[in-house]
Amino acid sequence: MCVSSTSLSLSINGNLHGYFKGKRGLRQGDPMSLYLFTLVMEVHTRILNYSASLASNFRFHPKCEKQNIINLCFADDLFIFSHGDTRSAKIILDSINAFKDMSGLVPSMPKSNVFFCNVSDQIKQTILEIMPFEEGSLPVRYLGVPLISTQLLYKDCNVLLERMEKRITDWRNKSLSFARRLQLVRKVLSSLHFYWVLVFILQQRLVHDLECKMRRFLWSQGDLVKGKAKVAWKLLCVPQYEGGLGIRRISDFNKALMTKHVWSLLNRRESLWVKWIYSYRLKERNFWDIPIQQNCSCGWRKILQRRNHIWTLIGDGQSSSLWFEKWAEICPINNYVSPREINRAGFTLGSKVADLVDDGIWKWHVAWLDLFHVLISLPSIHPRPNVFDSLIWKDSDGIDRVFSLNVVWDTLRFRQETVAWHKVVWSQVRHLAQMHQISGKWEDICCWLLPRANSNSAKSVIGKLLVVATAYFIWQEWNRRLFSNDIRKIEQIRDIVAANVRLKLVTLRFKNSSQVGRFVEAWNLPRELVIYDT
């Protein structure tokens, strides 16, 4: 179907003429082409691995040999790694030529580069004579993210700011309502930095500038006209059921993604990155007791700092670290007891929970209880035989939750109290947006929100009328104060809302019931004007 269902047109002098059905081959952007490319690149990977295994003089790139990493590819981007010597470069070139003869795929010379690090000028020149590519300069970008080993600097992120500014500038040329700008902020602008927050902990200065652009676009008035913010940004960045607009703050989402990396490491997720971390970073050590050293990379330091947000549910206690894991509220214990004190007392850093608990009683030294009073508050642990220890996530209320990115973000974010009116407002507005009827005017939204009396209870009808009328007259009062400097008292606005709801109720049909009678009396409606459904 991907081949035979396509239609092709001819572009002559910039104009399309006619069309004809496809018979063979795939068109550009076909959804099937990604899978075919993956299969073809798998052949290329096997050629590289086979050539490296046969050649005794091939040398892997540093910290790539244990995992046999020679190449990485995503879509049409291909990275090939090796040690900086002429023999390894010759083997790679031969493999590329063999793959070219088999598949007909030729590297794009203008888009291909060779990158060197700690290679002498003489060897570098020899490799450039072997490789038909130009020398590139680091850092290089992959998936739009700069590949650097040092801490991410503000100047490295200029491309992200420029990309967001370009999107906003294109949208400002169009007339967009507030609802449409909100959707663009939530769905487009909030996703531009996804790969960045997946890899790096962004600087606060960068986060502030990105959110500043999003905030200015949301409150802008027309083309390039700066608007005044009506509500604080942190109040907008909470879910709708807490009175916000459902925008996710970049820093909260960034921390949640870093926590997800920790979860992948602890569960040994089937991933090349996880295997690499265990081979070169952990080196068969326990992830919990890896110290945070000053000379480690910034990214690795941030990942280690997120460890204590994940809890351990004790089963038999045979695999949970006594000192470093968070299995109780006051844990980890190493925050209070130093490794020197642990060794001096005859314990080891590798001690497990089961080693120091016997039928719910802790086997601490008596002197320790006087020296470290926090140990007295440890809960009683009753190991369960044949039950493995497991990892859990506790939300902000201390409730065990199934780990997911959304749950982690919900725990880390700024929180507000739940508002009672969110279901009344957002369920109607969401359905309105799905019907493509939003015009940006309160009059249109109010008319759509008014329900038929025979489809809802009297209580529901009056409640919705109150919400709509209140929203409309608050909006009207805002315009009067802004453009006419005409200010009415709160009591006046309240009376106007009640009067309009009362007039609307007189025009609706109600069932003749005791509940309706109470509403008629409470709203002081003339009984002779109330219309009852017969």
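Everything numeric in this text was worked out from a predicted model, so none of it was measured. (Residues numbered from 1 in each chain as written. Predicted model: local features only at pLDDT ≥ 70, side-chain atom pairs only at ≥ 80, totals over all residues. Heavy atoms only, no water.)

Q: What's the story with the packing of helix α17 (residues 458-484) against helix α19 (residues 514-522) in this structure? I'm lost.
A: Remark: α17 packs on α19, axes separated minimally by 10 Å, with the N-to-C direction vectors making an angle of 35°. On α19, the residues that touch Ala-458, Lys-459 and Ile-462 of α17 are Gln-515, Val-516 and Phe-519. Of the residues in the contact of α17 with α19, the class split is four nonpolar, one polar and one charged. (Axes fitted to C-alpha atoms, helices over the stretch in contact; angles between N-to-C directions. Helix = DSSP H or I, 4+ residues; strand = E, 2+ residues; numbered from the N terminus. Contact = heavy atoms within 4.5 Å. Nonpolar A, V, L, I, M, F, W, Y, C, P; charged D, E, K, R; others polar.)

Q: Sorry if this is basic, but what is going on with the pairing of strand β1 (residues 7-12) here?
A: Moving residue by residue along a regular strand, the side chains alternate between the two faces of the sheet. Sheet topology note: the β1/strand β2 (residues 15-21) ladder contains five bridges and is antiparallel. Its bridge partner being in β2, Leu-10 is matched across the sheet by His-17. (Pairing = 2+ DSSP bridges.)

Q: Would you explain the confidence of the model for the protein chain in this entry?
A: Parts of the model with low pLDDT should not have their predicted coordinates read in detail. Of the residues in the protein chain, 91% reach a pLDDT of 70 or more, and the chain-wide mean stands at 82. Counted against residues more than four places away or in other chains, residues 432-455, with its pLDDT under 50, gives 30 contacts. (pLDDT = per-residue confidence, 0-100.)

Q: Would you mind going over the packing of aromatic side chains with me for this structure?
A: A ring pair, where both rings are aromatic, is described by two values, the distance of the centres and the angle of the planes. Under the counting rule described, the total for this entry stands at 22 aromatic pairs. A ring pair is formed by Phe-178 and Trp-219, whose centres lie 5.3 Å apart and whose planes are at 40°; its orientation type is tilted. Of the two residues, Phe-178 sits in helix α5 (residues 178-187) while Trp-219 sits in helix α7 (residues 204-219), which places them 41 residues apart along the sequence. Among the residues examined, Trp-219 registers a relative accessible area of 9% and is labelled buried. Taking the centre distance of 5.0 Å and the plane angle of 75° together, the rings of Tyr-472 and Phe-473 count as edge-to-face. (Phe/Tyr/Trp six-rings, centres within 6.5 Å; stacked < 30°, edge-to-face > 60°. Buried < 20%, exposed > 50% of the residue type's maximum accessible area, 1.4 Å probe, protein only.)

Q: I tried to follow the side chain of Arg-181 on my own but got confused; where do I start?
A: Of note, Arg-181 is situated in helix α5. Among the polar contacts listed, one links the side chain of Arg-181 to the backbone oxygen of Leu-218, at a separation of 2.9 Å. When near neighbours in sequence (up to four residues on either side) are disregarded, Arg-181 contacts Leu-176, Phe-217, Leu-218, Trp-219 and Ser-220. (Polar contact = N/O pair within 3.5 Å; in protein donor to acceptor, adjacent residues only side chain to side chain.)

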